[in-house]
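# Coordinate inspection notes
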Amino acid sequence: MSPLKCTKSQPLDGTREFVEGRLGNVQCLIGITYKGKPIGGVIGLPFVSLDDKDCNEGINIVCALHSETCQIIERIQFRNGSLCQLPKDARSWQSIEQQDTIHGEKAPLKVFTGDSKRLHRDHALLYLKKIIKESGNTAHPMKLCIEGGCGNKILRSTAYASLSPMNHNAISVIPPGTCSWDTAAPTSILFAAMDKFGFKAKVTDMFGGELVYNSSGKVVTNDLGVFVSCGEEAVQYHEMLVKAMRSNTIILDSLLHNYWEDFGGCDRKGKYWNNFGDCEDERDRDE
């Protein structure tokens, strides 16, 4: 493989969900990057049935290729040791989500996130609620969807937006802790779907920076979290959200410890930050 190309694989995305028995959140991911950009992705859905009558015994797979000259996104299936052709009436990969309309013809803005109580997630959700309220847009109310697994959140956001590009909007809020192998595959599928179905989308860290993919094969952690937006309104909220996060000194300070020479340093306010991003007064800190 060219030094500019790299394969990112995650054999079990959603480890905690797997242990807890929430198998619908578990995925197998293979992503391909070129010059630091995701261009191809394969997502295996070993425990997800898309309710097809004639082909529900195999493993569903979503695959995509995204480049300047080629846009492919398809659902295939692995059964009895080989890939098999799906019947013409088989449901598409998008059926992982459903059409969702309320208030007449308007659908809610779906926000896919986990159930953790990390301050990055909580602050982001509070900001997002405030941004939506201040925008005065009541046509697309916010609907919180608790989902596990990085790939699962991004795939569901993508599927929901592609079902109705003019009406559906979705945002994924993913706290720090994921890696390049978690985001490469679903981001490739998102980019392919964006071009195929004609909706706007954006993928950044929580402060608006691009995600980093190392072409040498080194795993890069997403220390600044991930925001994914699908749909025109969602992208607008995304841009306002990262601006709000950049102005939050609590969030910024909580992330600085990842870059200190000696872990457990003291910030400019005389506070210490522990492994969980929690703040402690200097006088209360155990040595």
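Every chain's residues receive numbers from 1 upward, in the order its sequence appears when written. Note on the predicted model: pLDDT of at least 70 is required for a residue's local features to be given, and 80 or more for side-chain atom pairs to be given and counted; whole-chain, interface and lining totals, by contrast, use all residues. For the side-chain quantities, the full set of heavy atoms in the structure was used; hydrogens and water were omitted.

### Some details on the pairing of strand 4 (residues 59-66)
Remark: exposure states derive from per-residue accessible area (1.4 Å probe, protein chains only) relative to the maximum for the residue type, with buried under 20%, exposed over 50%, and partly exposed in between. Here a helix means four or more residues in a row that DSSP labels H or I, a strand means two or more in a row labelled E, and each is numbered from the N terminus. For strand 4, the tally of buried residues reaches 6 of 8 residues, placing the bulk of the element in the interior. If DSSP finds at least two bridges between two strands, the strands pair. Where strand 3 (residues 37-45) and strand 4 come together, 6 bridges link them in antiparallel fashion. Paired with Ile 43 across the strands is Val 62, a residue of strand 4. In this sheet, strand 5 (residues 71-79) lies alongside strand 4 in antiparallel orientation, the contact comprising 8 bridges. Paired with Ala 64 across the bridge in strand 5 is Ile 73. Taking the residues between adjacent antiparallel strands as the criterion, strand 4 and strand 5 are bridged by 4 residues.

### Quick look at the packing of aromatic side chains
The geometry of an aromatic ring pair is captured by two quantities: the separation of the ring centres and the angle between the planes. For this analysis, a ring pair means two rings from Phe, Tyr or Trp (six-membered ring only for Trp) whose centres lie within 6.5 Å, classed as stacked if their planes differ by under 30 degrees, edge-to-face if by over 60, and tilted for the remaining angles. Under the counting rule described, the total for this entry stands at 2 aromatic pairs. Seen in terms of ring centroids, Phe 18 and Phe 47 are 6.2 Å apart; in terms of plane orientation they differ by 40 degrees. Their pairing is tilted. Residue Phe 18 is located in helix 1 (residues 15-20), and its partner Phe 47 is located in the loop between strand 3 and strand 4; the two are separated by 29 residues in the primary sequence. Accessibility expressed as a relative area gives 39% for Phe 47, which makes it partly exposed.

### Let's talk about the sheet that holds strand 9 (residues 169-174)
Sheet architecture is open: 5 strands sit in the order 8-7-9-11-10, paired in mixed fashion. At either margin of the open sheet sits one strand with a lone partner, and together these are strand 8 (142-146) and strand 10 (201-204). Averaged over neighbouring strand pairs, the angle between their axes works out to 15 degrees when direction is ignored. Sheet topology note: the strand 7 (residues 109-113)/strand 9 ladder contains 5 bridges and is parallel. The residue of strand 9 that forms the bridge with Thr 113 is Val 173. Most of the contacts of helix 4 (residues 180-197) go to strand 10, to which it runs at about 160 degrees, and overall it touches strand 10 and strand 11 (226-230). Orientation is described by axes fitted as lines to C-alpha atoms, over the contacting stretch for helices, and by angles from 0 to 180 degrees between their N-to-C directions. It only takes one pair of heavy atoms within 4.5 Å for two residues to be counted as in contact.

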